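# Observations on chain architecture
Here's the letter readout for the chains.
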Amino acid sequence: MSNGQSIWHISFFILCVCLLDASQSYENVALHKRAFQLNPYDGTNKTFDASNAVDGLKSNLHWNGGQCAVSALRKEIAAWWVNLGILYIIHHITVYFKTNNDIWDNRNNATASVLGFSLYVSNTSDRLQGKLCFKDDHFNRSTIPAVFSTMCYVLGQYVIYYNERLKGVSYPSDYNSDAENDLCEVEVYGCPLQITHCDVLDKVNCVCLACKLGYHGDQCERASSTDVEVKSQTPVLQSLIGGLSVSILIIVVLILYIVQTRISMRRNPPLLNAIELRNDASSANSCVTGNNYTVNSYTEFGWSRNTDPYYSIQEMTGVV
């Protein structure tokens, strides 16, 4: 093994360790999403369907084990893609190749079919409108890993696997003559642009730094007990507030009525004078009674009901 190959293997090992640690905080956003492939091996047989590469199963890596996406033979182009449904901030991509459950080395013919592959992230199913995350131009049948991972920090909705064996193009001797998918699992780890109930999102590490009020959890998915208690008490609080509002309204109306009545009296001098005369008469009558006079105060002072200005106003206005 050359020094260059040794450095590459060490670098790849370090990358895998880093990605393994990072995958603990990221979600496989490709799991059970809609997947498609160009030139399927058998379009009517689910054993080779494109969706097998995002079903989460990778215990049987045989071409007809029902867990791999397999394309047709003798094709110049092989393409497979998954629609994530919405835009995600992609962090890294991991690919499990078809091994036919054999030892993965230069004697395994499956190694030759994946050499030269590319990975893209795009907002559409067109790879040319997206970003190239990885293009194999240094692997051979001895160095190509059965499980490949690569960093790809980019925003996108589609992840596309692409390979080609074009006529008239010269390829390294380790490459086979056909372009094939041969993908048993494609895991896409990333973070959504937004997390429900998250107030401050760290889009680099896909961690919510601060949940909105009333929520908690790694993804702010759980309502706080205090928030639940407040919600349960809301109808009672609304009833109390409603009753208090009605009481305040009644008091305000009474105050306004009293103020308006006093203003009206001040604007009606005859009525005010009549009330004052009545008060004077009451005082006079009290004085007569206090001196043991037995005669009616009206008679004593020469008043009568017909001449009493108070009663005249009362009969005209109906105000007592």
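Anything mentioned here points back to the structure above.
Cut-offs used in this document
- Residues numbered from 1 in each chain as written.
- Predicted model: local features only at pLDDT ≥ 70, side-chain atom pairs only at ≥ 80, totals over all residues.
- Heavy atoms only, no water.
- Phe/Tyr/Trp six-rings, centres within 6.5 Å; stacked < 30°, edge-to-face > 60°.
- Buried < 20%, exposed > 50% of the residue type's maximum accessible area, 1.4 Å probe, protein only.
- Helix = DSSP H or I, 4+ residues; strand = E, 2+ residues; numbered from the N terminus.
- Lys NZ or Arg CZ within 6 Å of the ring centre and 35° of its normal.
- Core = buried A, V, L, I, M, F, W, Y, C linked by side-chain atoms within 4.5 Å.
- Contact = heavy atoms within 4.5 Å.
- Polar contact = N/O pair within 3.5 Å; in protein donor to acceptor, adjacent residues only side chain to side chain.
- Salt bridge = Lys/Arg side-chain N within 4 Å of Asp/Glu carboxyl O.
- Disulfide = S-S within 2.5 Å.

What follows concerns the packing of aromatic side chains. As enumerated under the stated definition, the model contains 12 aromatic pairs in all. When the centroid spacing of 4.7 Å and the interplanar angle of 55° are considered together, the rings of Tyr 41 and Phe 48 count as tilted. Taking relative accessible area as the criterion, Tyr 41 reaches 36% and is therefore assigned partly exposed. Relative accessible area serves as the criterion here: at 7%, Phe 48 is assigned to the buried category. Both rings, one in Phe 117 and one in Tyr 161, keep their centres 5.7 Å apart while their planes meet at 15°; by these two values the pair is stacked. Of this pair, Phe 117 sits in the loop between α2 (110-114) and β4 (118-122) while Tyr 161 sits in strand β6 (residues 147-164), and the two are 44 residues apart along the sequence. Phe 117 gets classed as buried once you look at its relative accessible area, which sits at 0%. Taken together through their ring pairs, the aromatic side chains of Phe 97, Phe 117, Phe 134, Phe 139, Phe 148 and Tyr 161 make up a single cluster. The aromatic ring of Tyr 96 is capped on one face by Lys 58, whose charged end is 5.1 Å from the ring centroid. Here the basic side chain of Arg 127 rests over the ring of Tyr 162, its NZ or CZ set 3.8 Å away from the ring centre.

Take the nonpolar core next. Counting residues in each nonpolar core, the largest one holds 35 residues, and the members touching the most others are Trp 80, Leu 84, Ile 93, Phe 97 and Leu 119. Going through the elements one at a time, β3 (77-97), α2, β4, β5 (131-135), β6 and β7 (183-192) are the ones with two or more residues in this core. Ranked by residues supplied to this core, first place goes to β3 with 8 residues. Core analysis: the next-biggest nonpolar cluster, separate from the first, contains 6 residues, Trp 81, Tyr 158, Ile 160 and Tyr 162 among them.

Of note, the phi angle at His 32 is positive, near 65°, even though the residue is not glycine. Among the structural elements, His 32 can be located in the loop between β1 (27-28) and β2 (34-37). Although it is not a glycine, Asp 182 sits at a positive phi angle of roughly 55°. Examined against the element boundaries, Asp 182 turns out to sit in the loop between β6 and β7.

Our focus in this paragraph is the environment of Asp 55. Along the chain, Asp 55 falls in the loop between β2 and β3. Judged by relative accessible area, which is 17%, Asp 55 ranks as buried. With residues up to four places along the chain from it excluded, the contact list for Asp 55 reads Leu 31, His 32, Gly 66, Gln 67 and Glu 185. From its side chain, Asp 55 meets the backbone nitrogen of Leu 57 in a polar contact 2.9 Å long.

Going through the model one piece at a time under the given rule, you end up with 4 salt bridges. With its nearest N and O atoms 3.4 Å apart, the salt bridge here joins Asp 182 to Lys 98. Here Asp 182 is found in the loop between β6 and β7, whereas its partner Lys 98 is found in the loop between β3 and α2, with 84 residues between them in sequence. By the burial criterion, Asp 182 is buried, and Lys 98 matches it.

Under the counting rule described, the total for this entry stands at 4 disulfides. Across a sulfur-sulfur distance of 1.8 Å, Cys 68 and Cys 184 are joined as a disulfide pair. The sign of the 85° torsion about the S-S bond sets the Cys 68-Cys 184 disulfide as right-handed. In this pair, Cys 68 sits in the loop between β2 and β3 while Cys 184 sits in strand β7, placing the two residues 116 residues apart along the sequence. For the pair formed by Cys 68 and Cys 184, the shared burial category is buried. Assigning the bonded cysteines of the protein consecutive numbers by sequence position, one obtains the connectivity 1-4, 2-3, 5-6, 7-8.

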